[in-house]
Amino acid sequence: MKKIVIFLIIFQLMGCAELQQVVNQLPQGGTLGNAEIALGLKEALNMGIEKQVSKLTLKDGFYKNELVKILLPEELKKVDNTLRNIGLGNLADEGLKVLNRAAEDAVSEATPIFVEAIKGITFNDAKNILLGSNNAATNYLQQGTETKLYEKFNPIIKNSFEKVGADKIWENLITKYNNIPLTSDVNPNLTDYVTQEALDGVFTMVEIEEKAIRTKISSRTTDILKKVFALQDQGRQ
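A brief look at the structure comes next. Remember, predicted model here, so these are calculated numbers, not experimental data.

A count of helices and strands for the protein chain gives nine helices and zero strands. Beginning at the N terminus, the succession of helices and strands in the protein chain can be written as α-α-α-α-α-α-α-α-α. Looking at the protein chain as a whole, 41% of its 237 residues qualify as buried. By sequence separation, contacts in the protein chain at least 24 residues apart represent 83% of the contacts at least 6 residues apart. Within the structure as shown, the protein chain displays about 13,400 Å² of accessible surface, and the carbon and sulfur contribution to it stands at 54%.

And the structure:
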């Protein structure tokens, strides 16, 4: 009889310990303030930089990623078509490729800028953003930082153009096109165009990671992510 009683006591103690562990893992909604939720949102955005934006810095990170691949602006599509029609398809292909190469190089150089932008952002209503759409934090980051990021990113893109030889290739390409009879001269600002396209690509990749963290518990790889986004799950029920 004593053995049975002792066994039951041990079982109850073990049960209490396991129960407490479960309770500790439950979202403590009442204890999460705006600052802690904001910290979780920043962590999610940082994970976007670390896991997704880093892919853009690799060779073909833009060029072979259909989600972010930089295509020609509308005014240059006629240039592309005309050059292909006169047998300069290889030059046209190279022109498109180096635009993406410049973006890949520039994002590699500018990653600390994006990290600093995330650190500096203030979530005035973090809980509403947490309980918002699957890209709410990315949208908030984009709206709050895009203008400043553009100003900082633009000269990096310009340097990358020179670094990968895009400036020379496009100078040659545009010159050949402008020398073709019966064509209207073009003089596009490709640095500004690629800057915006590259920024859009960065935000697209951050959004992918945010969505993963919001929808897959396995993507919440830190304590703050688990705690904050458990609150999201609870709020969406």
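Let us look at the packing of aromatic side chains. On inspection of all chains with the given rule, the structure shows two aromatic pairs. Considering the side-chain rings of F114 and F153, the 5.6 Å spacing of their centres and the 70° angle between planes classify their relative orientation as edge-to-face. Of this pair, F114 sits in helix α4 (residues 89-120) while F153 is found in helix α6 (residues 136-164), placing the two residues 39 residues apart along the sequence. Here F153 falls in the buried class, since its relative accessible area comes to 1%.

Over its 23 residues, helix α2 (residues 34-56) extends 32 Å from the first C-alpha to the last, a length consistent with the 33 Å expected when each residue adds 1.5 Å. Of all the bends in α2, the greatest measures close to 30° and is centred on I49. Of the positions making up α2, those classed as buried are I37, A38, G40, L41, A44, L45, M47, G48, I49, Q52, V53 and L56. The secondary structure elements touched by the buried residues of α2 are α4, α5 (126-130), α6, α8 (190-215) and α9 (223-236).

Generally speaking, a soluble globular protein has its nonpolar side chains buried in company with each other. Counting 65 residues, the largest nonpolar core has L41, F114, F153 and W170 as the members making the most contacts within it. Mapped onto this core, the elements with two or more residues apiece are α2, α3 (74-85), α4, α5, α6, α7 (166-178), α8 and α9. The greatest single-element share of this core, amounting to twelve residues, is contributed by α4. Once residues within four sequence positions are removed from consideration, L41 is found in contact with F123, A126, I129, L130, A137, R214 and F229.

Our focus in this paragraph is the side chain of T195. Take T195: it is sitting in helix α8. Judged by its relative accessible area of 0%, T195 falls in the buried class. Every residue in contact with T195, bar those within four places of it in the chain, is listed here: Y150, F153, N154 and I157.

Axis separation between α2 and α4 bottoms out at 10 Å; the angle between their running directions is 180°. The pairing of α2 with α4 is recorded here as roughly antiparallel in orientation. Counting all contacts with α2, which are made through K42, L45, N46, I49, V53 and L56, the residues of α4 involved are E104, V107, T111, F114, V115, I118 and K119. Here the contact of α2 with α4 is built from residues that sort into eight nonpolar, two polar and three charged.

Another aspect to go through is the pattern of salt bridges. This model, assessed by the stated rule, comprises 13 salt bridges. With its nearest N and O atoms 3.0 Å apart, the salt bridge here joins K163 to D105. Of this pair, K163 sits in helix α6 while D105 sits in helix α4; the two residues are 58 residues apart in sequence, bridging distant segments of the chain. Ionic pairing is found between E116 and K119, a salt bridge with its closest N-O pair at 3.5 Å. Residue E116 and its partner K119 are located together in helix α4, separated by three residues, close to a single helical turn. Among the residues examined, E116 registers a relative accessible area of 48% and is labelled partly exposed. Taking the relative accessible area as the measure of exposure, K119 reaches 53% and is therefore exposed. Through salt bridges with shared partners, a single ionic network connects D60, K64, R101 and E104.

Conventions and cut-offs
- Residues numbered from 1 in each chain as written.
- Predicted model: local features only at pLDDT ≥ 70, side-chain atom pairs only at ≥ 80, totals over all residues.
- Heavy atoms only, no water.
- Helix = DSSP H or I, 4+ residues; strand = E, 2+ residues; numbered from the N terminus.
- Buried < 20%, exposed > 50% of the residue type's maximum accessible area, 1.4 Å probe, protein only.
- Contact = heavy atoms within 4.5 Å.
- Areas by Shrake-Rupley, 256 points an atom, 1.4 Å probe, with all protein chains shown as cover.
- Phe/Tyr/Trp six-rings, centres within 6.5 Å; stacked < 30°, edge-to-face > 60°.
- Expected span 1.5 Å × (residues − 1).
- Bend = angle between axes of the 7 residues up to and from the residue.
- Core = buried A, V, L, I, M, F, W, Y, C linked by side-chain atoms within 4.5 Å.
- Axes fitted to C-alpha atoms, helices over the stretch in contact; angles between N-to-C directions.
- Parallel < 35°, antiparallel > 145°, perpendicular 65-115°, else oblique.
- Nonpolar A, V, L, I, M, F, W, Y, C, P; charged D, E, K, R; others polar.
- Salt bridge = Lys/Arg side-chain N within 4 Å of Asp/Glu carboxyl O.

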